[in-house]
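So you can see what is in the structure, the chains are spelled out below.
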There are 2 protein chains.
Amino acid sequence: MSVPDRERLARVALNRLGEPGDVKMTALVAELGAVRLHDLLLHERDPHGLRTDVAARLASVDPCGELDRSARLGLRFVVPGDDEWPEPLGDLAAAGSIQDRGGVPVGLWVKGPLRLDRLVDAVAVVGSRAATQYGADVAREIGAVVARSGRVVVSGAAFGIDVAAHRGAISGGAPSGAATDGPTVAVLACGADRVYPQAHREVVDHIAATGAVVSEAAPGCSPQRVRFLARNRLIAALSRGTVVVEAARRSGALNTANWAGRLQRSLMGVPGPVTSAGSAGVHELIRAGAMTLVTGGGDVLEMVGAAGEHLVEEHREPSTARDRLTVRQRQVLDAVPVGRPAHPDSIARVAGLGLLEVRAGLARLLDSGLVELADGGWRLTAEAHG
Amino acid sequence: MSVPDRERLARVALNRLGEPGDVKMTALVAELGAVRLHDLLLHERDPHGLRTDVAARLASVDPCGELDRSARLGLRFVVPGDDEWPEPLGDLAAAGSIQDRGGVPVGLWVKGPLRLDRLVDAVAVVGSRAATQYGADVAREIGAVVARSGRVVVSGAAFGIDVAAHRGAISGGAPSGAATDGPTVAVLACGADRVYPQAHREVVDHIAATGAVVSEAAPGCSPQRVRFLARNRLIAALSRGTVVVEAARRSGALNTANWAGRLQRSLMGVPGPVTSAGSAGVHELIRAGAMTLVTGGGDVLEMVGAAGEHLVEEHREPSTARDRLTVRQRQVLDAVPVGRPAHPDSIARVAGLGLLEVRAGLARLLDSGLVELADGGWRLTAEAHG
């Protein structure tokens, strides 16, 4: 452990003192360092020489005890300088704030075997809690494809898109019969020892056993709006790219998208029917050019992969009868009418070919089922016109 | 009529001689002029001093008779220099060719009261013949909104998206009880005196009576593949922007889109479910940045309108209870937990506010239905968390 105990304990205390993503706190830690800030706050006195509220609260924190109790719950506190500290979080230092949340977290509480430095090429998949079946299906597919590629799927364990993405990762990462699941990371707004929403206890426990449950909020904390806002910036910052699957115009998923944009992560969106309110927020950002349209896991891997590393499979259409024609036969085909049948000489004129060539071509096209004889003339079959 | 008879008659003859969009023909007319080209071809002789096939065919054309017969069918032949000639077609001169089709048409056969120079701010709406109900609904809505704005809707009268767009324009342009329909223009691959597909006779006749049916193919011509390809370039060139509503990966609608791109017209696409093959071609082009995503007629008008002329209506969300809070009340709300209820002093600490302010705020939030009392503490209601 290369981080001095004093540093870690100061960070535990500051983490307990402040709210996740409090911009004043994260800015002061960046400026003064955790140990110095902790010291200054602990000895802060008001004009009458009395301990300030902050100093009193800080004095009441027992960071050693917190670490011990948390360890018994299976939690560790990861701070900058630790081997597993995810370096990309450093980008938060210069990314400003949204609704007073921002900055590099003082530390992260983590539960689970996955080391956070494995997140370097992770993909976040987020979206509406009020997802449609369509949205949930697509989130699950993306989660599965990303996990199968060996990348970690990051999300927030919420209802709807989030949990579908986690579930996709869990099922997709497991080749049939394999003992290990696709690792996935749930970043929570409550303490990493708790579960929110309660209905997802089973899947969150599973993630804690196979991947990691992460929170900036101290153990025991309940999920509050400010903590959701702070949490969203971590989902974006921990991932190389963020995919928004469904988001209505005011969805919290757009807060995450906003962070991904500020952090210059790749920002992707899945379109849906224009008649679906749940896709309106995504469409708006794609239209504005802030987000790249993706249609599934293949597109996502292409966007976040190193150049050429994960090329989308070429969309190979099944070769059609038309593809197997010679250039000459195709010229004949292009001159055959759709509706009222035409005589070979008129087809020859349109095609700019000789009558013999046209007759030979028509015979071949007849074999292929592309043209048919009707009323003594030739016309395209329904298949050829399809 | 400022176009000399000789010029018009030469163009009628050349139009009958060549296929729509034949690049050699359109290039020669551009280089030599129609009268001179007609003259040269008419007197062309082979090495033995005999009339060539082309000369023989040209000699057999009776352009005066063609114009008379066409006029009796209600058709006129519009050529460059005519008052109603749509100048934007000139852009085709420099737009190259696709599959040997391209160039400015020698002339256009037109049936209907609408003058082609009204197309200057027209919008093309095209897409799959095998449209889904979703696609047809969206095409109809776009057709209606565009027509209601006073712009002309251009399409190809085909099954699926095309006819839905025409129908939308026809119904949308008519304020309840008004006698006039929204004008729409059908550009056909067959002669403007014919109808393809036959099933659309009624709607095409209606368009001919209220808007215009246009074709580059001479009267009597049947719809052939080359004529569809030539027709697609006209749909794009006659419009300020082209909207593709649904298009599978190899759809002919993408040929029209390709032309719109070459002609630097605005190119728009309507997204759909990523699970729908009919939207795959559109998604591909949006993803590649070749096409702008639009979600309906409002977006389309914004794209093709002069700056500020047709701004999309701001998406005004209904104002929520949250919107009506003061900044202070909102700070309190943001500190109230989602799940397990919290006491006012813990809420005050999270919010960084005094206890009195928090109690006052909670009372107001309780009135608004945003928070609730439970187990002696406070938490968000389902509505506030929505």
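Fair warning: this is a prediction, and the values are worked out from it, not measured in the lab.

## What about the pairing of strand β5 (residues 123–126) of chain B?
All names here are of chain B.
Next, step 1: Burial of the side chains of β5 extends over both faces: V123 and V125 are buried on one face and A124 and V126 on the other.
Next, step 2: When β5 meets strand β6 (residues 153–155), the two strands line up parallel, connected through two bridges. Residue pairing in the sheet places V123 in a bridge with V153 of β6.
Next, step 3: Once the chain exits β5 it traverses helix α6 (residues 133–148) before rejoining the sheet at β6, and the crossover so formed is right-handed.
Next, step 4: In terms of strand pairing, β5 meets strand β9 (residues 241–244) through four bridges, oriented parallel. Across the sheet, residue A124 finds its bridge partner in β9, namely T242.

## Thoughts on the packing of aromatic side chains
Residue and element names in this part refer to chain A.
Next, step 1: Tallying each qualifying case throughout the model produces four aromatic pairs over all chains.
Next, step 2: Ring geometry for Y196 versus F228: centroids 6.1 Å apart, planes at 70°, classification edge-to-face. Of this pair, Y196 sits in the loop between β7 (184–188) and α8 (201–210) while F228 sits in helix α9 (residues 225–237); the two residues are 32 residues apart in sequence, bridging distant segments of the chain.
Next, step 3: Accessibility expressed as a relative area gives 22% for Y196, which makes it partly exposed.
Next, step 4: Residue F228 is classed as buried on the basis of its relative accessible area of 16%.

## A closer look at unusual backbone geometry
Next, step 1: At the junction of Y196 of chain A and P197 of chain A, the peptide bond is cis and its omega measures out at -5° in the coordinates.
Next, step 2: Its location among the elements puts P197 of chain A in the loop between β7 and α8.
Next, step 3: Residues other than glycine seldom take positive phi values, yet D100 of chain A does so here, at roughly 65°.
Next, step 4: Topologically, D100 of chain A is positioned in the loop between β2 (97–98) and β3 (101–102).
Next, step 5: One non-glycine residue with positive phi stands out, namely Q99 of chain B, at about 50°.
Next, step 6: Position of Q99 of chain B among the secondary structure elements: in the loop between β2 (97–98) and β3 (101–102).
Next, step 7: A relative accessible area of 48% places Q99 of chain B in the partly exposed class.

## Things to note about the interface of chain B and chain A
Next, step 1: At the interface, 53 residues of chain B touch 52 residues of chain A.
Next, step 2: For the pair chain B and chain A, the two sides together bury roughly 4400 Å², of which 53% comes from carbon and sulfur.
Next, step 3: Area buried by chain B at its contact with chain A is led by R225, V274 and R287 of chain B, which between them contribute 16% of it.
Next, step 4: Between chain B and chain A we count six salt bridges in total.
Next, step 5: When the shortest N-O distance is used, the salt bridge between D299 of chain B and R287 of chain A registers 3.6 Å.
Next, step 6: Within the residue set of the side of chain B that touches chain A, elements represented by two or more residues are α6, α9 (225–237), α11 (280–287), β11 (292–293), α12 (297–304) and α14 (344–351) of chain B.
Next, step 7: Residues that form the side of chain B that touches chain A fall into these classes: 21 nonpolar, 14 polar and 18 charged.

## So, the sheet that holds strand β11 (residues 292–293) of chain A
Residue and element names in this part refer to chain A.
Next, step 1: Reading across the sheet, the nine strands line up as β1-β4-β8-β7-β6-β5-β9-β10-β11 and stay open at both edges, with mixed pairing between neighbours. Edge positions in the open sheet fall to β1 (75–78) and β11, since each of these has one partner strand only.
Next, step 2: In this fold helix α12 (residues 297–304) packs onto β5 (123–126), β9 (241–244), β10 (266–269) and β11, with an angle of close to 165° to the strand it touches most, β10.

## What about the packing of helix α3 (residues 34–42) of chain A against helix α4 (residues 53–60) of chain A?
Packed helix pairs are characterised by how far apart their axes lie and by the angle those axes make with each other.
Next, step 1: Put simply, α3 of chain A and α4 of chain A touch, their axes get as near as 8 Å, and they point 115° apart. Counting all contacts with α3 of chain A, which are made through H38, L41 and L42 of chain A, the residues of α4 of chain A involved are V54, A55, L58 and A59 of chain A.

## Quick notes on the relation of the copies chain B and chain A
Next, step 1: Overlay of chain B on chain A (RMSD 0.1 Å): rotation 180°, translation along the axis 0.0 Å. The superposition of one copy onto the other is thereby described by a two-fold rotation axis. Across chain B, the rotation axis passes nearest the C-alpha of G272 of chain B, at a separation of 2.4 Å.
Next, step 2: Here 98% of the interface residues in chain B have copies in chain A that are interface residues too; the copies meet face to matching face.

## Some points on the domain arrangement of chain A
Many descriptions give the size of an interface as the accessible area lost when the pieces come together.
Next, step 1: According to the domain assignment, chain A consists of domain 1 (67–304) and domain 2 (322–380).
Next, step 2: Measuring from the centre of the C-alpha atoms in domain 1 of chain A to the corresponding centre in domain 2 of chain A gives 57 Å.

## What about the pattern of salt bridges?
Residue and element names in this part refer to chain A.
Next, step 1: Applying the stated criterion across every chain yields a total of 32 salt bridges over all chains.
Next, step 2: The partner of R11 in a salt bridge is E7, with the nearest N and O atoms 2.7 Å apart. Residue R11 and its partner E7 are both found in helix α1 (residues 5–17); the two are separated by four residues, about one turn of the helix.
Next, step 3: Residue R11 is classed as buried on the basis of its relative accessible area of 9%.
Next, step 4: Between E372 and R379 there is a salt bridge, and its shortest N-O distance comes to 3.0 Å.

What counts, and where the lines are drawn
For every chain, the first residue of the written sequence is number 1, and numbering continues from 1 onward in sequence order. Going through the entries in the order they are written, you letter the chains from A and number the ligands from 1. Only residues with pLDDT of at least 70 are given local features in this predicted model, and only at 80 or more are side-chain atom pairs given and counted; all residues enter the totals for whole chains, interfaces and linings. In computing side-chain properties, one takes all heavy atoms of the structure into account and sets aside hydrogens as well as water. Only protein chains enter the calculation, and the probe is 1.4 Å; a residue is then buried if its accessible area is under 20% of its type maximum, exposed if over 50%, and partly exposed in between. Only DSSP runs of H or I with at least four residues qualify as helices, and only runs of E with at least two residues qualify as strands; both kinds are numbered from the N terminus onward. The pairing criterion for strands is at least two bridges between them, as found by DSSP. For the handedness criterion, the strands are oriented away from the viewer, and a crossover whose path from the first strand over the helix to the second runs clockwise is classed as right-handed. We call Phe, Tyr and Trp rings a pair once their centres come within 6.5 Å, taking the six-membered ring for Trp, and we label the pair stacked below 30 degrees between planes, edge-to-face above 60, and tilted otherwise. Any two residues whose heavy atoms approach within 4.5 Å are treated as being in contact. For any pair of parts, buried area is found by adding up, for both, the accessible area (1.4 Å probe) each one loses once the two are put together. We define a salt bridge as a contact between a side-chain nitrogen of Lys or Arg and a carboxyl oxygen of Asp or Glu at a distance within 4 Å. By the convention adopted, Pro, Cys, Tyr, Trp, Phe, Met, Ile, Leu, Val and Ala count as nonpolar, Lys, Arg, Asp and Glu as charged, and the other residues, Gly among them, as polar. Only the stretch in contact is used when a helix axis is fitted, and all axes are lines through C-alpha atoms; the angle between N-to-C directions ranges over 0 to 180 degrees. C-alpha atoms of residues with pLDDT of at least 70 in both copies form the basis for the least-squares superposition of the copies. The split into domains, and so the bounds of each, comes from an automatic or database assignment of domains.

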